[in-house]
Amino acid sequence: KRKIRIYELAKMLNIDNKDLLQIIQDLGVEAKSHMSSIDTDVAQIIEETLREEKESKLGKRSEEVATTLDTLEISEGSTVEDVANRLGKPATTLVKELISAGFMVPANAVINEDIAKTINKVLGVNIKIVPASAETKDEPRVRTVEPKKHEKPKKLLPRPPIVTVMGHVDHGKTTLLDYIRKTNVTAREFGGITQHIGASVVEHNGKKIVFLDTPGHEAFTSMRARGAQVTDIVVLIVAADDGVMPQTIEALNHAKAANTPIIVAINKIDKPSAKPDRVKQQLADLGLIPEEWGGDTIMVEISAKTGLNVDQLLEMILLVAEMNELVADYEATPQGVVIEAELDKGKGPVANVIVQQGTLRRGDILLFETTWGRVRAMMDHLGRNVDEVTPSLPAKILGLEDVPQAGERFIKVDDERAAREAVEQYMEKKRQQEMQAVKRTSLEELFEQM
Ligand code: GTP
Ligand code: MG
């Protein structure tokens, strides 16, 4: 029997994943999430029902629109989302309609003349922006904040997913990353020698994926402890001959706590002793139900050694990335996080970072938590000198005053003095906190002894 995933159907029908899931569940068909699969004949029934419903609704709707929405009055400072609400459609739908008309704006963008014109072009609705003081009567609204009329609409664009591979000792993390890197096209095409920058960038079907290289748990926990959420997707690797082990559970808990989507790679299936079904059962007992059993956890049986199904794993990573709509503002003030750093004898402090927002450029002055610096040089994962680095991508940067710690965040600032002063203030505050902590513990000790 042929099957189709719910989000695929939602895409085809151009409706929201959640709405479709609800419809399917209402029909009494078992489905846990939009990642679940349903039979194609069920899909067909849904499609037909929806089409009929849409046609009858559309008829009514367009009459209404013609009478009441020829001109839509909105108050100054209203956002795209507000307009979508007034039009009775999800904000994401309106955003998509605007994007398909060549106009990229996020849902929280304040409506200006340009956006109003585009909405008119796409939907035939005249938008009239009325000053905040003259709100329309049918839509009384109290605004406590100033309308953000001067705010520049953000340019949100897709960014590559950042992936951390986690799993028990010897379950194959390094072998998998090595295999992915070795067979990767970019590295070969540019004749580059992979540089260690704490993360690798690979390309699959023309799309980039960033893998954090540092041992999964360490990077993940140290960054999370500092409040830096870097990983978009966790690949939980479980050896099929060994099964779920303590560090598998630990990794799973980390991912759950951070609310990071998990893809399971059941590894070493080339081994005669491999028991992939046993692994699935063990994981199901922990709440990760494989899709084929009606759950929503993607599980791929791979061999990191022979490369079997590794392609499929990469595909699934890109799919989950797409589902989660990973985007970044490429024009925002550059900021990111340190994955690792060290003092190089010749080069001075060297930091391997990942850019999270904005585009980092050579010459930028960066403020970290414990240090600052002007970016003197940047290298990509192939050791090439680069002038700019876009969101999700890693880089090695030179020119810092001191060595920052892994997990420290950075942001571009305008002048060196401000950076220097901010670092001094931060260090002073930290010193005080440490002193207080020392005081507190000694007091506690004192109480305990009494
Ligand atoms: P730690 O970094 O020590 O936690 O281990 P790891 O998870 O990085 O495992 P690693 O990649 O070092 O693999 C451990 C052993 O398993 C090595 O001897 C690998 O050759 C072997 N191995 C990894 N993947 C496979 C596989 O798919 N099939 C087989 N047969 N062996 C594998
Ligand atoms: Mg390893």
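The chain goes by Translation initiation factor IF-2 in an unreviewed UniProt entry, where it is assigned to Acetomicrobium mobile. Recorded under Sequence similarities (unreviewed entry), the UniProt text for the chain is reproduced unchanged: "Belongs to the TRAFAC class translation factor GTPase superfamily. Classic translation factor GTPase family. IF-2 subfamily." Reading the Function (unreviewed entry) entry of the UniProt record for the chain gives the comment "One of the essential components for the initiation of protein synthesis. Protects formylmethionyl-tRNA from spontaneous hydrolysis and promotes its binding to the 30S ribosomal subunits. Also involved in the hydrolysis of GTP during the formation of the 70S ribosomal complex."

A. Main features of the site of ligand 1. In the vicinity of ligand 1, 15 residues are found, and the nearest of them are Asp170, Lys173, Thr174, Thr175 and Asp270. Here an oxygen atom of ligand 1 sits 3.2 Å away from a polar atom, N or O, in the side chain of Ser303. Protein contact buries 70% of the 640 Å² of open area that ligand 1 shows by itself. For the shell around ligand 1, the residue count by class is two nonpolar, seven polar and six charged.

B. View of the packing of aromatic side chains. For the structure shown, the criterion picks out one aromatic pair. Ring geometry for Phe368 against Phe410: centres 5.3 Å apart, planes inclined by 40°, an arrangement best described as tilted. One end of the pair, Phe368, is in the loop between strand 16 (365-367) and strand 17 (372-379); the other, Phe410, is in strand 20 (residues 409-413), with 42 residues separating them in the sequence. Of the residues examined, Phe410 reaches a relative accessible area of 3% and is grouped as buried.

C. Structural context of the packing of helix 1 (residues 6-13) against helix 2 (residues 17-26). Viewed as axis vectors pointing N to C, helix 1 and helix 2 meet at an angle of 110°, and their least axial separation amounts to 9 Å. On the basis of the axis angle, helix 1 is roughly perpendicular to helix 2. Where helix 1 crosses over helix 2, the two elements pack in a sense that is right-handed. Contact residues: helix 1 offers Ile6, Tyr7, Leu9, Ala10 and Leu13, while helix 2 offers Asn17, Leu20, Leu21 and Ile24. Residues that form the contact of helix 1 with helix 2 fall into these classes: eight nonpolar, one polar and no charged.

D. Highlighting the sheet that holds strand 13 (residues 335-344). With antiparallel pairing, six strands are arranged side by side around a closed barrel as 13-14-19-17-16-20. Sheet twist, expressed as the average angle between the axes of neighbouring strands with direction ignored, equals 50°. As defined by bridge partners, strand 16 adjoins strand 20 across three bridges and the pair is classed as antiparallel. In the strand pairing of strand 20, Leu367 is matched with Ile411.

E. Quick peek at the sheet that holds strand 11 (residues 298-301). The strand order across the open sheet built from six strands is 7-8-6-9-10-11, with neighbouring strands paired in mixed fashion. Here the strands that pair on one side only, and so sit at the sheet edges, are strand 7 (199-204) and strand 11. Strand-to-strand twist across the sheet, computed as the mean angle between neighbouring axes with direction ignored, equals 30°. Pairing of strand 6 (residues 162-167) with strand 9 (residues 233-239), which is carried by five bridges, proceeds in the parallel orientation. Opposite Val165, over in strand 9, you have Val235 as the bridge partner. Contacts from helix 10 (residues 246-257) reach strand 6, strand 9 and strand 10 (262-267), with the element oriented near 165° to strand 9. Against the sheet, helix 12 (residues 310-323) contacts strand 6, strand 7, strand 8 (207-212), strand 9, strand 10 and strand 11, and its axis sits at roughly 100° relative to strand 8.

F. Representation of the packing of helix 7 (residues 173-182) against helix 12. At a minimum axis distance of 11 Å, the contact between helix 7 and helix 12 shows a crossing angle of 90°. One way to sum up the angle between helix 7 and helix 12 is to call them roughly perpendicular. Contact residues: Leu176, Tyr179 and Ile180 in helix 7; Val310, Leu313 and Leu314 in helix 12. Here the contact of helix 7 with helix 12 is built from residues that sort into six nonpolar, no polar and no charged.

G. Focus on the nonpolar core. Counting residues in hydrophobic clusters, the biggest one holds 30 residues, and the most contacted among them are Leu176, Ile209, Phe211, Ile263, Leu313 and Ile317. Breaking this core down by element, the ones donating at least two residues are strand 6, helix 7, strand 8, strand 9, strand 10, strand 11 and helix 12. When residues no more than four places from it in sequence are discounted, the contact partners of Ile209 are Pro161, Val163, Ser200, Val201, Val202, His204, Leu314, Ile317 and Leu318. In terms of nonpolar packing, the next biggest core, distinct from the first, is built from 26 residues, Ala199, Val337, Val386 and Leu393 among them.

H. Just the environment of Asn126, in detail. Mapped onto the elements, Asn126 comes out in strand 4 (residues 126-130). For Asn126, a relative accessible area of 41% gives the class partly exposed. Placed 54 residues apart in sequence, Asn126 and Leu72 show a C-alpha to C-alpha distance of 6.0 Å. Looking at Asn126, its side chain comes within polar contact range of the side chain of Asn120, at 2.9 Å.

I. Inspection of the pattern of salt bridges at higher detail. Applying the stated criterion across every chain yields a total of 18 salt bridges. Salt-bridge contacts for Glu203 lead to Lys208; the nearest nitrogen and oxygen are separated by 3.9 Å. By relative accessible area, Glu203 is classed as partly exposed at 28%.

J. Region of interest: helix 11 (residues 276-285). Here helix 11 has its buried residues at Pro276, Val279, Lys280, Leu283 and Ala284. Summarising the axial view, the buried residues of helix 11 lie within an arc of 135°, below the 170-degree limit, and thus occupy one face. Downstream of helix 11 by a residue or two, Gly287 has a phi angle that is positive, lying close to 100°.

How each quantity is defined
Residues numbered from 1 in each chain as written. Chains lettered and ligands numbered in written order. Predicted model: local features only at pLDDT ≥ 70, side-chain atom pairs only at ≥ 80, totals over all residues. Heavy atoms only, no water. UniProt positions renumbered as here; feature names shortened; annotations may be inferred. Near = heavy atom within 4 Å. Polar contact = N/O pair within 3.5 Å; in protein donor to acceptor, adjacent residues only side chain to side chain. Areas by Shrake-Rupley, 256 points an atom, 1.4 Å probe, with all protein chains shown as cover. Nonpolar A, V, L, I, M, F, W, Y, C, P; charged D, E, K, R; others polar. Phe/Tyr/Trp six-rings, centres within 6.5 Å; stacked < 30°, edge-to-face > 60°. Helix = DSSP H or I, 4+ residues; strand = E, 2+ residues; numbered from the N terminus. Buried < 20%, exposed > 50% of the residue type's maximum accessible area, 1.4 Å probe, protein only. Axes fitted to C-alpha atoms, helices over the stretch in contact; angles between N-to-C directions. Parallel < 35°, antiparallel > 145°, perpendicular 65-115°, else oblique. Left-handed = near helix turned anticlockwise from the far one by under 90°. Contact = heavy atoms within 4.5 Å. Pairing = 2+ DSSP bridges. Core = buried A, V, L, I, M, F, W, Y, C linked by side-chain atoms within 4.5 Å. Salt bridge = Lys/Arg side-chain N within 4 Å of Asp/Glu carboxyl O. Arc of directions from axis to C-beta.

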